[in-house]
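# Understanding the architecture of this molecule
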Amino acid sequence: MPNALGSGRNAHRGIGHWNVTYQVASEELFQIWAKSTGTGLPDRQPGDPLPRMELDGTLVADLNEQGLATCVRIFWHSNASIPTAAKDRD
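Residues numbered from 1 in each chain as written. Predicted model: local features only at pLDDT ≥ 70, side-chain atom pairs only at ≥ 80, totals over all residues. Heavy atoms only, no water.

Turning to the pairing of strand β4 (residues 69-81), a few remarks are in order. Pairing of strand β3 (residues 52-63) with β4, which is carried by twelve bridges, proceeds in the antiparallel orientation. Paired with leucine 63 across the strands is alanine 69, a residue of β4. Connecting the antiparallel pair β3 and β4 is a turn made up of five residues, with glycine 67 showing a positive phi of about 85°. (Pairing = 2+ DSSP bridges. Helix = DSSP H or I, 4+ residues; strand = E, 2+ residues; numbered from the N terminus.)

Here we take up the environment of tryptophan 18. Here tryptophan 18 is to be found in strand β2 (residues 13-23). Sequence-wise, tryptophan 18 and leucine 59 are 41 residues apart; in three dimensions their C-alpha atoms are separated by 8.3 Å.

A word on the pattern of salt bridges. Opposite charge on two side chains allows them to pair when their charged atoms are near. The tally for this structure, following the rule as stated, stands at two salt bridges. Taken together, the shared-partner salt bridges connect Arg13, Asp62 and Arg73 into one network. (Salt bridge = Lys/Arg side-chain N within 4 Å of Asp/Glu carboxyl O.)

As a further point, take the nonpolar core. With five residues, the main nonpolar core is built from Val24, Phe30, Leu50, Met53 and Ala80. Every residue in contact with leucine 50, bar those within four places of it in the chain, is listed here: Gln23, Val24, Ala25, Ser26, Glu27, Arg44 and Pro83. (Core = buried A, V, L, I, M, F, W, Y, C linked by side-chain atoms within 4.5 Å. Buried < 20%, exposed > 50% of the residue type's maximum accessible area, 1.4 Å probe, protein only. Contact = heavy atoms within 4.5 Å.)

The residue isoleucine 82 is located in the loop between β4 and α2 (84-88) in this model. Counting along the chain gives 39 residues from isoleucine 82 to aspartate 43, while the straight-line C-alpha distance between them is 8.2 Å.

Next up on the list: the confidence of the model for the chain. On average, residues of the chain score 78 in pLDDT, and 79% of them are at 70 or above. For the chain, per-element mean pLDDT is lowest for strand β1 (residues 3-6), which scores 50, and highest for β3, which scores 91. (pLDDT = per-residue confidence, 0-100.)

It is worth spelling out the environment of serine 78 at this point. Relative to the helices and strands, serine 78 resides in strand β4. Measuring from C-alpha to C-alpha, the distance between serine 78 and methionine 53 comes to 6.9 Å, with 25 residues separating the pair along the chain.

Set out below in structure tokens:
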């Protein structure tokens, strides 16, 4: 669930933060994601589970008098990791 970090002194700007971790659904989808975003591929052995992805982001929105967004900027970072059970085998 996103966290609203507040609008500070400017009632016409809002900031939010979000974070999500999920299990990659298929090898093919992970390869596509990694290539399109520049996310590094973790070292894996044949038979290792698919990586987990963590996305962490911040959104800054400028709002008009009606509270509608006039400009939205999203900044995010992704990280791929191997589930712990696969790491413990090494």
